[in-house]
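So the chains spell out like this:
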Amino acid sequence: MEAIERRVNYLNVDHGIRSWLLTVDHKRIGLLYLVSITIMFFLGSLMAGAVRAELLTPQGDLMQSDTYNKAFTLHGIIMVFFFLIPSIPAVLGNFLLPIMIGAKDLAFPRLNLLSWYVYIVGASIGIAATIGGGLDTGWTMYTPYSTGYATTNVVFPALGIFITGFSSILTGLNFIVTVHKMRAPGLTWFRMPLFVWAHYATSLVMILGTPVIAITVLMVGLDRGLGLGIFDPKAGGDPVLFQHLFWFYSHPAVYIMILPAMGVISEVIPAFSKKRIFGYGFIAASSLAIALIGFLVWGHHMFTTTQSMYAALVFSVLTFAVAIPSAVKVFNWTATLYKGAVSFEAPMIYALGFIGLFLVGGLTGLFLGALGLDLHVHDTYFVVAHFHYIMVGGAIMGYMAGLHFWWPKITGRMYNDLAAKAAALLIFVGFNLTFFPQFIAGYAGMPRRYHYYPEEYQVLNVLSTAGASVLGLGYLLPLFYLLFSLRFGRHAGRNPWGAFGLEWMIESPPTPHNFDHTPTVTWEPYDYPEMHKLPTRIGESRSHVTLAEGQPTPPEGLAHV
Amino acid sequence: MSDTATRLQHHFANEEQQLDASTFGMWVFLVTEILFFGAVFCAYIVYRTHYPEVFAHGAHHLDVVLGAFNTVVLIASSLTMAMAVHSARVDEQRDLARYLVGTMFLGLVFLGVKAYEYTHKFHEGLFPGNFFYQADDAPLQRLFFSIYFTLTGLHAVHMIIGIAILAVILVQAMRHHYGPRWHTPVEIMGLYWHFVDLVWIFLFPLLYLIGRHG
C-alpha cells in the first residue's frame, strides 16, 4: 500500500494551482477539461430543468415566453458547444490517446494547453453574454431573425462560439498529427485501438467542419453588428445560405459527439466480454465512413426550406447511406457479445445502454431522413426526442461508460460499484421516461420551442418531466461516489478490469511521462485469448520493475524495458 | 557562431520526428484555413451566380492597378520568405535576418496599399454594411462590398498576424536561434505565409478582374 502511495505519478509530481494552470501534461489538461465541462454540464442541465418544469402545464405559468426562449437557447448552446463537443475528445481522448499509442504526450503539448484556455475564454464570453443579455434565437441562430429581428444579444454569444471553435480545431489538429507521427514502434495503423480510430475520424470532422461554423457565426455577428446583409434578404442576402453553412458544420458536429462515444464502446464491450472485438477492420473503417459521409447529409435539416427537390432527394439518399456504417458498428458490438464471458460492471451497463439508445436514436433518424415523413414531424418533439437519443442516450452514455471504465486509470482508485450500477440504471430509466413520450407527442404534432401547448399533450409532458427528475438524480449520483472514491476508494492497480491495451500496462495513475521508455508493440489489438502471454507492465525503467508474485518474467523484446 | 543546439522536446524520439510533426501540423492547420475562407468563397459563388451584374458593377469600383501592384508585392514577399527559409537551412545568419525584414516590409507595403484602397472606398461612401452609401443607383452594391470587405478584411487580418509572428522570428534570428539543425519555426512560418499569398492570388481575379469585361 505505502509503496503505491509514494510512487511519483502525474498527480503528485507537482503541487499548487500554478502547476495545474501552466501544465503541458496531456493528462492534467484532460482533467482541467473534465472539471470545466462538468460545470458546463450542470449549468446546461439547470436550464433543461427549467424548461421541463415549465412544460409541466399547458399554460406558461412559470416563465414569460421571452424567458422560456432564453432558457432553451442557453440549454442548447451550453450543451452543444461547451459540453458535448469537447466532452469525450478533450477529456478522455486527451488523457488516453497518447498512452494508447505508446507516446509520452500529444505532438503539441503547449497547443493543447492553449486549446483549454481558448475554450475557457470562449465559454466564458458565451455564457456571460447569454446569461447577462440573454439570447432567444435557439442554438441554431437562424437568420434573418438572429441578424435582424431578435431583440436579444446575438453578437457576444456568436463571438463565444467563434472562439470556442478554435479550441476544437486545435484539439483535432493535435490528435491527427499525434496519430500520424507519434505511434510507438510496432503500433501499426491496424494495431491501433478503435478508440484511437474513432478519435482520428472525429478529428477530421473537427478540422474540416469547425472553421466553417466559426466563419459563419462571425458573419452573423458582423451582419448583426454592422449590417453586412450577407444573410439578410433586404440587402439581397440569402438566409438559406446561412442554414447551409450552419448545418455543414452542425450536422457533422453530431458525429464529433457520437464517434468518440462509439470509440469508448468499442473498448468497453470486448473488455467485459473477454473476447476479440468482432470485425476490427470494419469498425475502424466505419468510423472514417461516418466522418466522410457525415459531411454530405447536411441538407436533411432543410427539407422544408427552398432547397431544390433534387437536392433534397440526394440528401435523403445519403442520409440513409450513413446508417450503414453506423449499423456495421452495432452489429459488430453485438457479435462481440455473442458467446463472450460477459460481466455487468458499471461501464458495461452504460455501454449496453448506449447500444440500445443509439439504436432507437439512429432508426428514428431514418424516419427524419425520409422526405415525406419529415414534412410531418419537422420541428416537432419527434425531432427533439430523436437527437436527444443520439446526444444524451448516445454521446453522454458513452462518455459515462468511458469515465467509469478509465476512472481507475485516471485516479488510481475504484469507485463504489453498487452506487455506479444504480446510477447507470437510474440514468437509463430516467432517460427513456424523459424522451420516449416526446416521440409520441411529436408524432401527434406538438411543435418544439413553445411553452403553451394544447391540453391533450399534458400527460406526455408530465411523464417527460418526471423522467427528467429521475435522470437528474442519476447524473448527480456519480458526482458524489466518484469524488468520494478519490479519498476513500480502494487502490485500483494497473488493470482492475483485466482489459487489453497499453494504458492498462502502466501505473494507475500513470507516471508523468506515461512510459520511461517507448514501448514496442508486438501484439494484435484486442487479443484477449492470448492476453496471458503479454507482459503486465511495460515501458518502465528496470529499477522500478518489480514483478508481481507468480508472474512469469516477460519475454525479451516484449517488455522492452 | 550560430546556436544550432537541438531543441528536442522530451516527448519526441528524435529531431526528424519533431520537424515532421510540426510541418504536418501546419499543413493540417492550413486545411482548416481553406475551409475557413471557403465558407466566404461559397457565399461569393452563390451571390455571383444570383447577381452577376451586381458583381460586374462592383468590380468597376475597385482599382485594378493597385490590386495588380499588391499581387506583385505579395509574390515578391513569397520569394523573400522562401529565401529566408533557405538561408536558415544553410546557416547564412545575416541573409536570414535580411530576408525576414524584406518579407515584413513587403507585407507592410501590401497593407499600406490596402489601407489606401479602403480609405478611398470610404470617401466614395462604400463602407461595409449599415454605413454604405452609393452615388449611382446600381442595385445591391452593398452586398458586393460586404463580401469584398469580409474577404479582404480576413485576408488582411491573416497578414497582420503573419507580420507579428515574423517580427518574433526576426528577433530570435538575430540572436542566432536558427541554423541548419533547428529552423522549424521559420519553415512552418513560410508555409503559412505562402498560404496567405495564395489566398490573395484567388481574391484578386475573383474580386477585381472577373466581370470587368462582362
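Some details on the overall build of chain B
Item 1. Counting its secondary structure elements, chain B contains six helices and zero strands.
Item 2. Starting at the N terminus, the α and β elements of chain B follow one another as α-α-α-α-α-α.
Item 3. The buried share of chain B, taken over its 214 residues, is 37%.
Item 4. Look at the contacts in chain B between residues 6 or more apart in sequence, and 79% of them connect residues 24 or more apart.

Focus: the overall build of chain A
Item 1. Within chain A, the regular secondary structure consists of 17 helices and zero strands.
Item 2. Its C-alpha radius of gyration of 24 Å places chain A within 12% of the 24 Å reference for a compact globule of 561 residues.
Item 3. If you line up chain A on its principal axes, its C-alpha atoms span 75 × 45 × 45 Å.
Item 4. Counting the 561 residues in chain A, one finds 56% classified as buried.
Item 5. Within chain A, contacts between residues separated by at least 24 positions form 84% of all contacts whose residues are at least 6 apart in sequence.

Considering the environment of B:Met26
All names here are of chain B.
Item 1. Topologically, Met26 is positioned in helix α1 (residues 15–50).
Item 2. Residue Met26 is classed as buried on the basis of its C-beta count, with 20 C-beta atoms lying within 10 Å.
Item 3. In the structure, Met26 is positioned 39 residues away from Val65 in sequence and 33 Å away in space, judged by C-alpha atoms.
Item 4. Once you skip the residues sitting within four places of it in the chain, Met26 turns out to touch Ile188, Leu191 and Tyr192.

What about the packing of helix α3 (residues 26–54) of chain A against helix α5 (residues 87–100) of chain A?
When two helices pack together, their arrangement is given by the angle between the helix axes and by the axis-to-axis distance.
All names here are of chain A.
Item 1. For the pair α3 and α5, the least separation of the axes is 8 Å and the interaxial angle reads 160 degrees. The orientation of α3 with respect to α5, classified from their angle, is roughly antiparallel. Crossing geometry of α3 relative to α5 is assigned as left-handed. Every residue of α5 that contacts α3 at His26, Lys27, Ile29, Gly30, Tyr33, Leu34 and Ile37 is listed here: Ser87, Ala90, Val91, Asn94, Phe95 and Pro98.
Item 2. In terms of residue class, the contact of α3 with α5 is made up of eight nonpolar, four polar and one charged.

Quick look at unusual backbone geometry
All names here are of chain A.
Item 1. That bond from Thr143 to Pro144 is cis: its omega, 0 degrees, falls within 30 degrees of zero.
Item 2. The residue Pro144 is located in the loop between α6 (109–132) and α7 (145–149) in this model.
Item 3. If you check the backbone angles, Arg449 has positive phi at about 70 degrees while not being a glycine.
Item 4. Checked against the element boundaries, Arg449 lands in the loop between α16 (417–443) and α17 (458–488).
Item 5. For Arg449, a count of 15 C-beta atoms within 10 Å translates into the label partly exposed.
Item 6. A positive phi is found at Tyr526, a non-glycine position, where the angle reads about 55 degrees.
Item 7. Within the element layout of this structure, Tyr526 appears in the segment after α17.

Comments concerning the interface of chain B and chain A
Item 1. If you look at the interface, chain B gives 29 residues, while chain A gives 34 residues.
Item 2. Secondary structure elements with two or more residues in the side of chain B that touches chain A: α1 and α5 (141–174) of chain B.
Item 3. Here the element with the most residues in the side of chain B that touches chain A is α1(B); it accounts for 17 residues.
Item 4. Each residue belonging to the side of chain B that touches chain A can be placed in one class, and the counts come to 17 nonpolar, ten polar and two charged.

Observations regarding the packing of helix α3 (residues 64–89) of chain B against helix α6 (residues 184–209) of chain B
Residue and element names in this part refer to chain B.
Item 1. α6 packs onto α3 with a crossing angle of 165 degrees between their chain directions and a minimal axis gap of 10 Å. In this view, α3 runs roughly antiparallel relative to α6, as classed from their interaxial angle. Crossing of α3 against α6: the hand is left-handed. On the side of α3, the interface is formed by Val64, Gly67, Thr71, Leu74, Ile75, Ser77, Ser78, Met81, Ala82, Ala84, Val85 and Ala88, while α6 contributes Val186, Glu187, Gly190, Trp193, His194, Asp197, Trp200, Phe204 and Tyr208.
Item 2. For the contact of α3 with α6, the per-class residue count stands at 13 nonpolar, six polar and two charged.

Comments concerning the nonpolar core
Item 1. Core analysis: the biggest nonpolar cluster contains 232 residues, and A:Ile101, A:Met257, A:Ala261, A:Ile265, A:Val268 and A:Ala401 have the highest contact counts within it.
Item 2. Those residues in contact with A:Ala261 that lie beyond four places of it in its chain are A:Ile88, A:Phe354, A:Gly394, A:Ala395, A:Gly398 and A:Tyr399.

A closer look at the confidence of the model for chain A
Item 1. Looking at chain A as a whole, its pLDDT mean stands at 92, while 95% of the residues score no less than 70.
Item 2. Confidence over residues 1–5 of chain A falls short of pLDDT 50; this stretch has one contact with residues more than four positions distant or in other chains.

What about helix α12 (residues 309–337) of chain A?
All names here are of chain A.
Item 1. Taking 1.5 Å of rise per residue, the 29 residues of α12 would be expected to cover 42 Å, and the 43 Å separating its terminal C-alpha atoms lies within 8% of that figure.
Item 2. For α12, the full list of buried residues reads Phe315, Ser316, Thr319, Val322, Pro325, Ser326, Lys329, Asn332, Trp333 and Thr336.
Item 3. Of the surrounding secondary structure, the elements contacted by the buried residues of α12 are α10 (239–271), α11 (280–293), α13 (346–369) and α14 (371–377).
Item 4. Looking one or two residues past α12, Lys339 carries a phi angle of roughly 60 degrees, positive in sign.

Some remarks on α10(A)
Residue and element names in this part refer to chain A.
Item 1. Taking 1.5 Å per residue as the helical rise, α10 with its 33 residues ought to reach 48 Å, and the 49 Å between its terminal C-alpha atoms agrees with that figure.
Item 2. Of all the bends found along α10, the most pronounced is centred on Trp247 and spans about 35 degrees.
Item 3. Across the 33 residues that make up α10, a large majority, 31, are buried.

Reading the values: the criteria
Chains are numbered independently. Their residues run from 1 in the order of the written sequence. Written order decides the labels, with chains lettered from A and ligands numbered from 1. Two thresholds apply to this predicted model, a pLDDT of at least 70 for residue-level local features and 80 or more for giving and counting side-chain atom pairs, whereas whole-chain, interface and lining totals are computed over all residues. Here a strand is any run of E in DSSP of at least two residues, a helix any run of H or I of at least four, and the numbering for each starts at the N terminus. Once C-beta atoms are placed from the backbone, each residue is buried if 20 or more other C-beta atoms lie within 10 Å of its own, exposed if 12 or fewer, and partly exposed for counts between those two. Our contact criterion uses C-beta atoms placed from the backbone: two residues qualify when those atoms are within 7 Å. To get the radius of gyration, use the C-alpha atoms; to get the globule rule, take the number of residues to the power 0.38 and multiply by 2.2 Å. Fitted lines through C-alpha atoms give the axes, limited to the stretch in contact for helices. The angle between two N-to-C directions lies from 0 to 180 degrees. Note on angle classes: values under 35 degrees are labelled roughly parallel, values over 145 roughly antiparallel, values of 65 to 115 roughly perpendicular, and the remainder oblique. Crossings are sorted by hand: turned counterclockwise from the far helix by less than a right angle, the near helix makes the crossing left-handed, and turned clockwise it makes it right-handed. All amino acids are sorted into three groups, where Ala, Val, Leu, Ile, Met, Phe, Trp, Tyr, Cys and Pro are nonpolar, Asp, Glu, Lys and Arg are charged, and the leftover types, Gly among them, are polar. Working definition: the nonpolar core is a set of buried Ala, Val, Leu, Ile, Met, Phe, Trp, Tyr and Cys residues, joined through C-beta atoms within 7 Å. Values of pLDDT, the confidence the predictor places in each residue, fall between 0 and 100. What a helix should span is 1.5 Å times the count of its residues minus one. By definition, a residue's bend is the angle between the axes fitted to the seven residues ending there and the seven starting there.

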